[in-house]
Amino acid sequence: SSGINAEYGQFSDLQGYYRRKTEEVATISALLAKYSDISSVSDDDRTVLNEICLDLGKIQKLLTAMDTEKDKLAHTIECNKVTLARLDILKEQLQEQQENIPKHMPTPESKKEEVQPEPLVPQPEITKPQQQSVRFEEERPPVKTRPVPSAGSRIPSKSKKQKLTRTTKVPVINPLTTEEFKSLPKYMLGRIKYEQINSMIEELNSVAVSKYKIIDTPVNKLNSENMRRFNRMTEHPETKDTAGMVWFEVEDVKDFASVPTLVHSFNKMVPILRHCHRLRQVRAGKVERYVVLL
């Protein structure tokens with residue numbers, strides 16, 4: 001196209017060029033009608049005919065070049081249409097992701113750090129004098145040998161002995177991603193929205209932390225309300241399916257959730273949380289326990 005523009009200028013010049021050549025073709029037709037016998041054509045007319053033939057050859061080359069440029073432009077237009085269609089799809093996806101960004105994004109490091117707490121089981125005492133004592137999850141303070149008290153010296157009271165404290169590491173339930181939400185069956189999802197599920201997950205994380213904070217607190221430091229909760233939580237023994245795991249019950253949701261009526265929404269979302277491998281439902285007698293999965 002640049003070569004054509006260089007030779008013939010703007011489009012208006014090209015239009016005038018074609019108009020002139022059309023007039024020349026009309027002149028040829030008139031000459032052919034006038035001189036049916038080529039031998040009767042004069043020398044001046046022959047010269048005109050030769051120039052016109054040369055111009056027709058140039059026109060033919062120009063038309064060929066224009067057809068080539070037209071094909072290139074048509075191919076470019078088709079490619080641009082495909083690109084625009086892909087950009088429209090990408091724009092819709094980005095807009096949908098922007099509208100459904102979860103409040104808390106899961107990080108790979110958090111999964112590595114989350115370790116299931118081991119059950120605190122006391123080990124039998126070892127009487128061999130040179131063998132070290134067995135330790136629990138929390139290390140005992142180093143044992144210091146006390147000198148034999150002399151006569152009249154005061155023996156320290158037993159109340160000053162350090163007591164072992166236990167801190168359970170509660171894993172965090174990761175929020176649902178938009179891909180997981182879209183993959184849920186319609187019969188399971190119903191009218192539940194994406195934001196409602198992740199808000200429920202935040203509440204369950206808070207419930208688990210509050211529960212194990214009470215369990216890890218020494219009994220003599222619990223007030224009456226937390227003591228009632230402690231007795232309820234420890235009423236039923238651990239099972240092989242929940243030993244060493246972090247779990248909670250519906251009663252824990254009632255006690256520690258910010259809104260007590262949240263338990264109704266929790267019962268509706270349990271199938272979704274099981275389907276997305278956030279919780280595992282275990283029956284312990286008449287009680288349903290929900291184990292937090294990593």
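Not measured: the values here are computed from a predicted model.

Rules of the game
- Residues numbered from 1 in each chain as written.
- Predicted model: local features only at pLDDT ≥ 70, side-chain atom pairs only at ≥ 80, totals over all residues.
- Heavy atoms only, no water.
- pLDDT = per-residue confidence, 0-100.
- Helix = DSSP H or I, 4+ residues; strand = E, 2+ residues; numbered from the N terminus.
- Contact = heavy atoms within 4.5 Å.
- Buried < 20%, exposed > 50% of the residue type's maximum accessible area, 1.4 Å probe, protein only.
- Pairing = 2+ DSSP bridges.
- Axes fitted to C-alpha atoms, helices over the stretch in contact; angles between N-to-C directions.
- Parallel < 35°, antiparallel > 145°, perpendicular 65-115°, else oblique.
- Core = buried A, V, L, I, M, F, W, Y, C linked by side-chain atoms within 4.5 Å.
- Polar contact = N/O pair within 3.5 Å; in protein donor to acceptor, adjacent residues only side chain to side chain.
- Phe/Tyr/Trp six-rings, centres within 6.5 Å; stacked < 30°, edge-to-face > 60°.
- Lys NZ or Arg CZ within 6 Å of the ring centre and 35° of its normal.

1. Structural notes on the confidence of the model for the protein
Residues at a pLDDT of 70 or more form 70% of the protein, whose mean pLDDT is 76. Within the protein, the element-level pLDDT minimum falls on helix α4 (residues 108–113), averaging 49, and the maximum on helix α7 (residues 194–216), averaging 92. When the criterion is pLDDT under 50, residues 126–140 qualifies, and its contacts beyond four places in sequence or with other chains add up to 21 contacts. This stretch, residues 148–162, has a pLDDT under 50; its non-local contacts, to residues over four places away or in other chains, come to three contacts.

2. So, the pairing of strand β3 (residues 287–292)
Counting buried positions along β3 yields six of six residues, so the element is predominantly enclosed. Because side chains alternate across β3, one face comprises the buried residues Val 287, Arg 289 and Val 291, and the other comprises Glu 288, Tyr 290 and Val 292, equally buried. Pairing of strand β1 (residues 247–248) with β3, which is carried by two bridges, proceeds in the antiparallel orientation. Residue Trp 247 lies in a different strand from β3, and its bridge partner there is Val 291. Here strand β2 (residues 279–284) hands over to β3 after two residues, with Gly 285 in that stretch at a positive phi of 70°.

3. Quick word on the packing of α7 against helix α10 (residues 262–275)
Their axes nearest at 10 Å, the elements α7 and α10 cross at an angle of 105°. As the angle between them shows, α7 and α10 are arranged roughly perpendicular. For the pair formed by α7 and α10, the contact residues are Gln 196, Ile 197, Met 200, Ile 201, Glu 203 and Leu 204 on the first element and Leu 262, Ser 265, Phe 266, Met 269, Ile 272 and Leu 273 on the second.

4. Details of the nonpolar core
Of all hydrophobic cores here, the largest spans 40 residues; its most connected members are Leu 184, Ile 197, Leu 204, Phe 266, Ile 272 and Leu 279. It is α7 that provides the largest number of residues to this core, a total of nine residues. Beyond its immediate sequence surroundings of up to four residues, Ile 197 is in contact with Leu 176, Phe 181, Leu 184, Leu 189, Ile 192, Met 269, Ile 272 and Leu 273.

5. A word on the environment of Glu 225
As for its placement among the helices and strands, Glu 225 is situated in helix α8 (residues 224–233). Of the polar contacts made by the side chain of Glu 225, one reaches the side chain of Arg 228; its length is 2.6 Å.

6. Here we look at the sheet that holds β2
With respect to topology, three strands assemble into an open sheet ordered β1-β3-β2, the strand pairing being antiparallel. Of all the strands in the sheet, the pair left with one neighbour each is β1 and β2.

7. Structural notes on the packing of aromatic side chains
The tally for this structure, following the rule as stated, stands at four aromatic pairs. With centroids separated by 6.1 Å and ring planes inclined at 55°, the aromatic side chains of Phe 248 and Phe 266 adopt a geometry described as tilted. Residue Phe 248 is found in strand β1, and its partner Phe 266 is found in helix α10; the two are separated by 18 residues along the sequence. Like Phe 248, the residue Phe 266 is buried in the burial classification. Each residue in the set Phe 248, Phe 266 and Tyr 290 is aromatic and connected to the rest through ring pairs, giving one cluster. Stacked on the ring of Trp 247, the Lys or Arg Lys 211 has its end atom at 3.5 Å from the ring centre. One residue, Arg 289, lies across the ring of Trp 247, its end atom 4.1 Å from the ring centre.

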